[in-house]
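Tertiary structure, described
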Amino acid sequence: MIKVVRAKLHCIRVTDANLNYQGSITLDPEQCEAVGIYPLEFVDIWNKNSGARISTYVIYGERGSRCCVLNGSAARTCQPGDEVIIAASLYCQPAEIATLKPRVLTFLPDNRIDKTLVYDVTALGGDRFDFAIREDAFFAPEPA
C-alpha cells in the first residue's frame with residue numbers, strides 16, 4: 001500500500017488562529033464538499049509562509065464563510081494571511097492510482113475558489129504511469 005493525495009485545498013489563506021480551542025482546523029463545508037474532505041477527517045497542512053507541516057482533523061465552520069482557522073496547538077504554526085496547502089490522503093495499491101481522480105481547489109486572496117483541478121493518472125503498463133493536471137469542466141467557480 002502507498003499513501004496518495006485524495007483531495008487538496010491549495011493556497012487557501014488562514015483567516016484566524018485560535019489558541020484557546022481543543023484543536024483542529026475549521027473549514028468552510030462548501031469548499032470541503034467540493035473536493036470531498038469530511039468532518040473529523042485527518043489532513044496534512046503545509047504552511048507556505050513558514051514551512052511548518054502539521055496534521056490535525058477537520059471541523060466544519062459556517063457554510064459560505066470561506067474560513068480557514070487553525071485551532072489549539074496548530075494555531076502556533078500559522079498566522080492569519082498565511083497561505084497553506086491542506087491535503088487529505090488515502091492508502092491504496094499502486095495499480096489503483098489510475099482509478100483515482102483527486103480534486104484540487106485553488107484560491108483567490110479572499111479564499112474564493114479560483115479553479116477546480118483534477119489530478120489525472122494514466123496507467124501505461126507495468127509500473128509506468130503518466131500524470132496530468134486538468135481543469136474540471138463540471139465545476140462552476142464561486143461568483144465574484
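Values in this document were obtained by computation on a predicted structure and should not be read as measured data. (Residues numbered from 1 in each chain as written. Predicted model: local features only at pLDDT ≥ 70, side-chain atom pairs only at ≥ 80, totals over all residues. Heavy atoms only, no water.)

**Some words on the overall build of the protein**
Heads up, the condition is: Where helices and strands are cited, they refer to DSSP runs of H or I of at least four residues and of E of at least two residues respectively, numbered from the N terminus. The globule rule used here is 2.2 Å times the number of residues to the 0.38 power, and the radius of gyration it is set against is calculated over C-alpha atoms.
Secondary structure assignment for the protein yields one helix and ten strands. Along the chain direction, N to C, the helices and strands of the protein fall in the order β-β-β-α-β-β-β-β-β-β-β. For 144 residues, the compact-globule formula gives about 15 Å, and the C-alpha radius of gyration of the protein, at 16 Å, lands near that figure. For the protein, the spread of C-alpha atoms along the principal axes amounts to about 50 × 35 × 25 Å.

**Digging into the sheet that holds strand 1 (residues 2-13)**
Let me state the cut-off plainly: Note: two strands are recorded as paired if DSSP finds a minimum of 2 bridges between them. Interaxial angle, 0 to 180 degrees, is taken between N-to-C directions of lines fitted to C-alpha atoms, where a helix line uses only the stretch in contact.
With respect to topology, ten strands assemble into an open sheet ordered 2-6-3-5-4-7-1-8-9-10, the strand pairing being mixed. Looking at the sheet topology across the chains shown, the edges are occupied by strand 2 (16-18) and strand 10 (128-135). Neighbour-to-neighbour, the strand axes of the sheet open up by a mean angle of 30°, direction not taken into account. Note that strand 2 and strand 6 (residues 68-71) share three bridges and pair parallel. Looking at strand 6, one finds that Asn18 is bridged to Asn71.

**What to know about the side chain of Arg6**
What counts here: In protein, a polar contact means a hydrogen-donor-capable atom and an acceptor-capable atom, both N or O and within 3.5 Å, with residues adjacent in sequence counting only if both atoms are side-chain atoms; elsewhere, any N or O pair within 3.5 Å suffices. In what follows, a contact means two residues having at least one pair of non-hydrogen atoms within 4.5 Å.
As for its position among the elements, Arg6 is in strand 1. Polar contacts involving the side chain of Arg6 include one to the main-chain carbonyl oxygen of Gly36, which spans 2.7 Å. Separated by 2.4 Å, the side chains of Arg6 and Glu41 make a polar contact. Aside from chain neighbours lying at most four places away, what touches Arg6 is Gly36, Ile37, Tyr38, Glu41, Ala88, Ser89, Leu90, Pro102 and Arg103.

**Focus: the nonpolar core**
Rule in force here: By nonpolar core we mean a set of buried residues, namely Ala, Val, Leu, Ile, Met, Phe, Trp, Tyr and Cys, connected to one another through side-chain atoms within 4.5 Å. Residue burial is assigned from relative accessible area. The probe radius is 1.4 Å, only protein chains are included, and a residue is buried under 20% of its type maximum, exposed over 50%, and partly exposed in between.
Judged by nonpolar contacts, the single largest core of 24 residues is most densely connected at Leu9, Ile25, Ile37, Cys68, Leu70 and Ile86. When residues of this core are traced back to their parent elements, those giving at least two are strand 1, strand 3 (24-27), helix 1 (29-35), strand 4 (42-47), strand 5 (53-60), strand 6, strand 7 (83-92) and strand 8 (103-107).

Take it as geometry only, folks, not as evidence of what the structure does.
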